[in-house]
Amino acid sequence: MVFDMRSLPVPVVGAPMAGGATTPALVAAVSDAGGMGFLAAGYLTAEKLADQIRETRRLTSRPIGVNLFVIAENEVDAQQLDDYAARIADDAHALGITLGEPRWDDDHYEDKIETLLSTDVDLVSFTFGVPEESVVQRFKAAGIAVAVNVTSVEETHAAQRVSADVLIVQGAEAGGHRGAFLAEGPGMPPPLPALVRAIRAVSSLPIVAGGGIASAWQAQAVLEAGASAVQIGTALLLSDEAGTSQTVRDALLSGEFTETTVTRAFTGRPARALENDFTRHHSDAAPSAFPQLHFMTTPLRAAASQAHDAQRLHLWAGTGFAECRRGPAAEIVRSMVNPHEGSHTPA
């Protein structure tokens, strides 16, 4: 039997935040609180992922998940990449670094699948695309449930065609990369509860829904719309167990940043971040080129974090960022279903 998301004692899932914010300690804390913690496999080697799973299992025996990127091959105009590199050269110079070489790779996709099939995880999710149905069946045969990240009814149909067990519904309010893999329709995306209702109308699969959730009343609205659990990411960035850099922690607490924006400026793929100088100056010029742009700007972003330069850093955050609280992750998780649980330190 594969894991049933509806069996969670606390219907809260920790979002997998690639790049360091998600740690084994954070995953274990969310799971031990009665929810489900998720490791982020993005940007890791298969060996490093295996290490993180072992460390997480050392800390908890509760259900855990792992998220994989599905990165489609793409054709990118080399001149657009050169033009963008020239555009951000002054930022690189100010930080004393050389930009990285843009390239495409599949984020060690096959190696990570093989690793996960031989490790102790309960759920594997896929974002930026759907896995082949044969991959889904291999995981199910190993007793591992499969989820697909979707942002629309059309993507829900694609997930159901490969026999996914769970839908992770990402609203437009969510921080970090948009998980969309089909062309998004015209007009403004619906609020998360409306999106959940639309997807519930065409699917009976368990739904985990996230995007901008920062309070119990927001979580309740999503659960009442038909979700089996809510997913939180930004709400955990200031938790004790998160690997969030000091630069990002300070930015969230500073009050200096008041808006979020969806930008391709850092990675070539739409992602929601706190609006800063880099997004204001470069968003309109950034080509659609993931992961090529990610590799180009990796040295710049690392240097900005080290220099505590929040104006040149990718400050991934959802629309509920102003409600971020410090404290143990377990308290934050439980507060999503019980507003009187714990006492967070106000931001």
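Just so it is clear, the model here is predicted, and its values are computed rather than measured. (Residues numbered from 1 in each chain as written. Predicted model: local features only at pLDDT ≥ 70, side-chain atom pairs only at ≥ 80, totals over all residues. Heavy atoms only, no water.)

Go over the packing of helix H1 (residues 24-32) against helix H2 (residues 46-59) with me, naming the residues and quoting the values.
Packed helices, taken two at a time, are described by the angle between their axes plus the distance between the axes. Between H1 and H2, whose axes approach to 9 Å, the crossing angle comes to 40 degrees. By the criterion of interaxial angle, the relationship of H1 to H2 is oblique. Of the two elements, H1 crosses H2, and the hand of that crossing is right-handed. For the pair formed by H1 and H2, the contact residues are Pro24, Ala25, Val27, Ala28 and Asp32 on the first element and Gln52, Glu55, Thr56 and Leu59 on the second. Split into classes, the residues belonging to the contact of H1 with H2 amount to 5 nonpolar, 2 polar and 2 charged. (Axes fitted to C-alpha atoms, helices over the stretch in contact; angles between N-to-C directions. Helix = DSSP H or I, 4+ residues; strand = E, 2+ residues; numbered from the N terminus. Parallel < 35°, antiparallel > 145°, perpendicular 65-115°, else oblique. Left-handed = near helix turned anticlockwise from the far one by under 90°. Contact = heavy atoms within 4.5 Å. Nonpolar A, V, L, I, M, F, W, Y, C, P; charged D, E, K, R; others polar.)

Any chance you could break down the sheet that holds strand E7 (residues 176-177) for me, citing the residues and the numbers?
Pairing is antiparallel in the open sheet, where 3 strands are placed in the order E7-E11-E10. Of all the strands in the sheet, just E7 and strand E10 (260-263) have a single pairing partner and so form its edges. In this structure, E7 lies alongside strand E11 (residues 271-274), joined through 2 bridges in antiparallel fashion. Opposite His177, over in E11, you have Ala271 as the bridge partner. (Pairing = 2+ DSSP bridges.)

Describe H2, naming the residues involved and giving the relevant values.
Between the first and last C-alpha of H2 there are 20 Å, a value that for 14 residues agrees with the 20 Å anticipated at 1.5 Å per step. When we look at burial in H2, the residues that qualify are Ala46, Leu49, Ala50, Gln52, Ile53, Thr56 and Arg57. Each buried residue of H2 lies within a common arc of 160 degrees when the element is viewed along its axis, so the set occupies one face. More than 90 degrees from the buried face of H2, the exposed residues found are Glu47, Arg54 and Arg58. In this structure, the buried side of H2 is in contact with H1, strand E2 (37-40), strand E3 (64-69) and helix H5 (109-117). (Expected span 1.5 Å × (residues − 1). Buried < 20%, exposed > 50% of the residue type's maximum accessible area, 1.4 Å probe, protein only. Arc of directions from axis to C-beta.)

Residue-level account of the nonpolar core, with values.
Among the nonpolar cores identified, the biggest contains 66 residues, and Val169, Val196, Ile232 and Leu236 are the most heavily contacted of them. Here this core takes 5 residues from helix H12 (residues 292-306), the largest share from any one element. For Ile232, the contacting residues outside a window of four places in its chain are Val12, Val13, Gly14, Ala15, Ile213, Ile332, Val333 and Met336. Grouped together as the second largest cluster of nonpolar side chains are 22 residues, Ala41, Leu44, Leu116 and Ile144 included. (Core = buried A, V, L, I, M, F, W, Y, C linked by side-chain atoms within 4.5 Å.)

Requested: an account of the packing of aromatic side chains, with residues and values cited.
The description of an aromatic ring pair rests on the distance of the ring centres and on the angle between the ring planes. The full count for this structure, using the stated rule, is 8 aromatic pairs. Plain terms: the ring middles of Phe69 and Phe290 are 6.5 Å apart, the flat faces sit at 75 degrees to each other, and that makes the pair edge-to-face. Placement of the pair is Phe69 in strand E3 and Phe290 in the loop between helix H11 (277-282) and H12, with a sequence separation of 221 residues. Here Phe69 and Phe290 have matching classes, each one buried. Members of the aromatic cluster, connected to one another through ring pairs, are Tyr43, Phe69, Phe128 and Phe290. Seen from the ring of Phe295, Arg103 lies directly overhead, with NZ or CZ sitting 3.8 Å from the centre. (Phe/Tyr/Trp six-rings, centres within 6.5 Å; stacked < 30°, edge-to-face > 60°. Lys NZ or Arg CZ within 6 Å of the ring centre and 35° of its normal.)

Describe the sheet that holds strand E6 (residues 166-170), listing the residues and the values that go with them.
Sheets are built from strands paired through backbone hydrogen bonds, the pairs being either parallel or antiparallel. Spatially, the 8 strands line up as an open sheet ordered E1-E9-E8-E6-E5-E4-E3-E2, and their pairing is parallel. Strands at the two margins of the open sheet, each flanked by one partner only, are strand E1 (12-14) and E2. Averaged over all adjacent pairs, the angle separating strand axes in this sheet is 25 degrees, with direction ignored. When strand E8 (residues 207-210) meets strand E9 (residues 229-232), the two strands line up parallel, connected through 3 bridges.

Now, about the environment of Ile113: what can you tell me, with residues and values included?
In this structure, Ile113 sits in helix H5. Spatially, the C-alpha atoms of Ile113 and Asp240 are 30 Å apart, while their sequence positions differ by 127 residues. If we skip the residues at most four places from it in the chain, Ile113 touches Leu68, Val135, Arg138 and Phe139.

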